[in-house]
2 protein chains.
Amino acid sequence: MLKLTKKADYGLMALKYLAERPETAALSAKDIADAYGIPAQLLAKILQQLTRKGLLKSHAGMNGGYALAKSAGSISAYEVILAIDGPFFITSCTKGANGCELTPSCTIKEPLARVNETIAGVLKSISIQDLAEHEHQPGHAPEPKLVTLTI
Amino acid sequence: MLKLTKKADYGLMALKYLAERPETAALSAKDIADAYGIPAQLLAKILQQLTRKGLLKSHAGMNGGYALAKSAGSISAYEVILAIDGPFFITSCTKGANGCELTPSCTIKEPLARVNETIAGVLKSISIQDLAEHEHQPGHAPEPKLVTLTI
DNA sequence: TCAGTATACGACCAATTATGTCCGTGTTCA
DNA sequence: TGAACACGGACATAATTGGTCGTATACTGA
Ligand code: SF4
Ligand code: SF4
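Model, not experiment: these values are computed from the prediction.

Draft legend 1. Structural view of the pattern of salt bridges. Residue and element names in this part refer to chain A. In this structure the tally under the stated criterion is 10 salt bridges over all chains. With a shortest N-O distance of 2.7 Å, K30 and D34 are connected by a salt bridge. In this pair, K30 and D34 both sit in helix α2 (residues 29-36), 4 residues apart, roughly one turn of the helix. A salt bridge links D130 to K145; the shortest N-O distance between them is 3.4 Å. One end of the pair, D130, is in helix α6 (residues 128-133); the other, K145, is in strand β3 (residues 145-150), with 15 residues separating them in the sequence. K145 shares its class with D130; the two are buried.

Below, the structure is given as structure tokens:
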């Protein structure tokens, strides 16, 4: 419960990997998969999804592969998760048609919707660049981000 | 992905229901289940779990049922989710033994652990009382809570 | 031009998890 | 004593996730 799928996980890793290598023109799905031990075909599908959503640019043929479509700083973790796993909701209601059938009697969906928004906000405030920058030198103080939650 | 289980959902609803009725000595699982249309036996098991974790007090026999073990203000949504669904992690690693096998090569687990902490913080800052108070009068300004995220 | 390398995409399968039911046991009270 | 309740394990089923396969298509460079 409340767990990121591995697909989203893999997607984030791949984007981070690309963000760390801005000099290379393109990296193939296999290259990235091998670097981490991710199933190559699965990662390929994930990268294809990200391409369709406009987060990556793809290039077939020899020396082809994927490259970031935008700057690493302008891609948020939220976008990635959204692209891979679809709309982001922590509850089963709110997702259009097929929600849970006790939505009318439910009294906690509004508060939970706020929580949902807050978590989405957290995810939106994290960029691929944040992930890539992270592990560098010990002396760099990462700037804290603030998120507001109103029940 | 990143979705609350219905069990946790039901648990929160039940606790809120109890919090709104502090006068009654105890309410049976069936009472609460009927009020919302939740499967009674399933809710019963959830309430039993919450009892084992010390969030509820139970009383068998006629006119028995469940009551809050603590004040509604001192029970956080985090505790409830923890009691029902077990340890709270957004990633597959960090959960003791059986995590994902690419933990050593993974480069995003530290940042994600911070995100995990942040989300846990959000959940911890929400009490059952917050849920119960919510829908009252329109004029009451709910106080916003602040959560800090440091990548 | 053609072989090799790569993406694109849908169908399919296996493993896991979530959801819910059944049933027998023990407890309390009128 | 019996009705109404909690307790808890063992199922059964549905939904989701994680992963594979096969094939078509696109691009490159020798
Ligand atoms: S309606 Fe209530 S019970 Fe149903 S999914 Fe939404 S929050 Fe959960
Ligand atoms: S180790 Fe990395 S890939 Fe594996 S679960 Fe943790 S964050 Fe995800």
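Draft legend 2. Summary view of the site of ligand 2. The full set of residues close to ligand 2 is D9(A), M13(A), T91(B), S92(B), C93(B), C100(B), L102(B), T103(B), C106(B) and K109(B). Grouping the amino acids of the shell around ligand 2 by side-chain chemistry returns 5 nonpolar, 3 polar and 2 charged.

Draft legend 3. Representation of a positive patch on the surface in the model. All names here are of chain A. A cluster of like positive charges, contributed by K7, K45, R52 and K53, occupies part of the molecular surface. Among the structural elements, K53 can be located in the loop between α3 (40-52) and β1 (56-59). K53 sits in the exposed class, given a relative accessible area of 55%.

Draft legend 4. Up close: the relation of the copies chain A and chain B. Superposing chain A onto chain B requires a rotation of 180 degrees together with a translation of 0.0 Å along the rotation axis, leaving an RMSD of 0.1 Å. Expressed as an axis order, the relation between the two copies is that of a two-fold axis. Identified as the residue of chain A closest to the rotation axis by C-alpha distance is L2(A), at 1.9 Å. Residue by residue, 96% of the interface of chain A is reproduced at the interface of chain B, so both copies engage with the same surface.

Draft legend 5. Molecular detail of the protein's contact with DNA strand C. Close to DNA strand C lie 25 residues, the nearest being M1(A), A29(A), K45(A), S58(A) and K6(B). Sugar plus phosphate, as a fraction of atoms of DNA strand C within 4 Å of the protein: 63%. At a separation of 3.3 Å, a base nitrogen of DNA strand C approaches a polar side-chain atom of Q41(B). A distance of 3.2 Å separates a base oxygen of DNA strand C from a polar backbone atom of M62(B).

Draft legend 6. Summary view of the site of ligand 1. Residues in close proximity to ligand 1 include T91(A), S92(A), C93(A), C100(A), L102(A), T103(A), C106(A), K109(A), D9(B) and M13(B), which together make up its full environment. Grouping the constituent residues of the shell around ligand 1 by class yields 5 nonpolar, 3 polar and 2 charged.

Draft legend 7. Spatial organisation of helix α2 (residues 29-36) of chain B. Residues and elements named next belong to chain B. Looking only at α2, the buried set comprises A29, I32, A33 and Y36. All buried residues of α2 project into a common sector of 100 degrees when viewed along the axis, lining one side. Turned more than 90 degrees off the buried face of α2, the exposed positions are K30 and D34. Where α2 is buried, its residues meet α1 (6-19), α3 (40-52) and β2 (65-68). With its phi angle positive at about 90 degrees, G37 sits one or two positions after the end of α2.

Draft legend 8. How the structure looks around the environment of T24(A). Residues and elements named next belong to chain A. You can see T24 is positioned in the loop between α1 (6-19) and α2. The class of T24 is partly exposed, set by a relative accessible area of 33%. Remark: the alpha-carbon pair of T24 and K124, spanning 100 residues in sequence, is separated by 27 Å. There is a polar contact of 3.0 Å between the side chain of T24 and the backbone oxygen of R21.

Draft legend 9. Highlighting the confidence of the model for chain A. Overall, the predicted model of chain A reaches an average pLDDT of 90, with 91% of residues at or above 70. Within chain A, α3(A) carries the highest mean pLDDT (98), whereas β3(A) carries the lowest (86).

Draft legend 10. Representation of the side chain of D130(A) within the structure. Given the relative accessible area of 11%, D130(A) is considered buried. A polar contact of 3.4 Å, which involves the side chain of D130(A), links it to the side chain of K145(A). Discounting chain neighbours no more than four positions away, the residues touching D130(A) are S125(A), K145(A) and I151(B).

Draft legend 11. Summary view of the interface of chain A and chain B. Each partner contributes residues to the interface: chain A has 55 residues there, and chain B has 54 residues. Carbon and sulfur atoms make up 70% of the surface buried where chain A meets chain B, a total of about 5,000 Å² over both sides. Looking at the side of chain A facing chain B, the largest losses of area belong to M1(A), L2(A) and I151(A), adding up to 15% of the total buried there. Along the contact surface separating chain A from chain B lie 0 salt bridges. Taken together, the connections running from chain A to chain B amount to 11 residue pairs in polar contact (both at pLDDT 80 or more). Put simply, the parts of the chain that give the side of chain A that touches chain B at least two residues each are α1, α4 (77-85), α5 (109-124), α6 and β3 of chain A. Sorting elements by how many residues they give to the side of chain A that touches chain B places α5(A) first, with 9 residues. Taken together, the residues of the side of chain A that touches chain B break down into 31 nonpolar, 12 polar and 12 charged. Two elements, β3(A) and strand β3 (residues 144-149) of chain B, share 6 bridges in a ladder whose sense is antiparallel. Looking at the pairing, L149(A) lines up with K145(B) of β3(B).

About the thresholds
- Residues numbered from 1 in each chain as written.
- Chains lettered and ligands numbered in written order.
- Predicted model: local features only at pLDDT ≥ 70, side-chain atom pairs only at ≥ 80, totals over all residues.
- Heavy atoms only, no water.
- Salt bridge = Lys/Arg side-chain N within 4 Å of Asp/Glu carboxyl O.
- Helix = DSSP H or I, 4+ residues; strand = E, 2+ residues; numbered from the N terminus.
- Buried < 20%, exposed > 50% of the residue type's maximum accessible area, 1.4 Å probe, protein only.
- Near = heavy atom within 4 Å.
- Nonpolar A, V, L, I, M, F, W, Y, C, P; charged D, E, K, R; others polar.
- Patch = residues over 30% accessible without salt bridge, like charges linked within 9 Å, V, L, I, M, F, W, Y side chains within 5 Å.
- Areas by Shrake-Rupley, 256 points an atom, 1.4 Å probe, with all protein chains shown as cover.
- Lys, Arg positive; Asp, Glu negative; His and termini not counted.
- Charge placed at Lys NZ, Arg CZ, Asp CG, Glu CD.
- Least-squares fit on C-alpha atoms with pLDDT ≥ 70 in both.
- Contact = heavy atoms within 4.5 Å.
- Polar contact = N/O pair within 3.5 Å; in protein donor to acceptor, adjacent residues only side chain to side chain.
- Arc of directions from axis to C-beta.
- pLDDT = per-residue confidence, 0-100.
- Buried area = accessible area lost by both parts, 1.4 Å probe.
- Pairing = 2+ DSSP bridges.

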